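Tertiary structure, described
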Amino acid sequence: TGVQTCALRSGGTLIATVVSDGYQRVEQLLRGLPAIFGERKASLGADEERFLQVATCYRRGSVRQAEMYIKAVEDPYLNLGSQLIVDRCNQKELNRALQWQLSNNLEQKRRRLRILNAMAGFAPAFGMLGTLLGLIRLLFSLGDGGLDVVGAAMGFAMITTVYGLVAANLVIRPMAIKMEQRFRDQLAWQKVKHERVRLLFETDNQEVNR
């Protein structure tokens, strides 16, 4: 009974989510869930040092060496901003490209939050579906089955709703809240990254104008 209940609730929730959002997006979300519970980065990590190396090489006029360091920068925003500055992109094009990169990143994160919230809504619904199936089974067993059959059917009917509520409120919604907190932290670091790209661009223009 417990296995059937979990299979009904979990399978139904996943199928409904895949139908509404697509298999690829749901798969990407599930693969990225373990990272939510990892340690929070207090800095930009190795990209911080790599970006400083890019800036140092570029200010010295070593464009090729700067481009080598750019390839090692994993953060898409810093990578794109550094490459555009090294390519002598003007401010309008730089802002447009960085804005596109930021908007695309934000939309991906919002989509993942929407998927988790949708799963939190589907889980109780499929728990209720299990309850209805259990009640139907109970009605069919009233005439022929004994108390054991009736009790098993009633237990199946009730426990599916409990599992659905537990999955939604103790598992999925907390993960959505955790992801939203990480999302806010990343937005704060996004301002730091933007400021560093801006300083590199302004420093480059000041040296050109001298």
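Here the structure is shown first, and the text comes after it.
An account of the accompanying structure is given in this report. All figures in this text were calculated on a predicted structure; none of them were measured in a lab. (Residues numbered from 1 in each chain as written. Predicted model: local features only at pLDDT ≥ 70, side-chain atom pairs only at ≥ 80, totals over all residues. Heavy atoms only, no water.)

Under the counting rule described, the total for this entry stands at nine salt bridges. Salt-bridge contacts for lysine 193 lead to aspartate 75; the nearest nitrogen and oxygen are separated by 2.8 Å. Taken together, the residues lysine 193 in helix 7 (residues 147–209) and aspartate 75 in the loop between helix 4 (63–72) and helix 5 (76–86) connect sequence positions 118 residues apart. Of the two residues examined, lysine 193 and aspartate 75, each falls in the buried class. Linking glutamate 180 and arginine 184 is a salt bridge whose minimum nitrogen-to-oxygen distance equals 3.3 Å. Placement of the pair is glutamate 180 and arginine 184 together in helix 7, with a separation of four residues, close to one helical turn. Where salt bridges share partners, they join Asp47, Arg50 and Glu74 into one cluster. (Salt bridge = Lys/Arg side-chain N within 4 Å of Asp/Glu carboxyl O. Helix = DSSP H or I, 4+ residues; strand = E, 2+ residues; numbered from the N terminus. Buried < 20%, exposed > 50% of the residue type's maximum accessible area, 1.4 Å probe, protein only.)

Listed as buried for helix 5 are Tyr77, Leu78, Gly81, Ser82, Leu84, Ile85 and Val86. For helix 5, the N-terminal capping position is held by aspartate 75, with its side-chain oxygen 3.0 Å away from the main-chain nitrogen of tyrosine 77. Of the residues trailing helix 5, arginine 88 is marked for its positive phi of about 65°. (Polar contact = N/O pair within 3.5 Å; in protein donor to acceptor, adjacent residues only side chain to side chain.)

In short, shape yes, function no, at least from these values alone.
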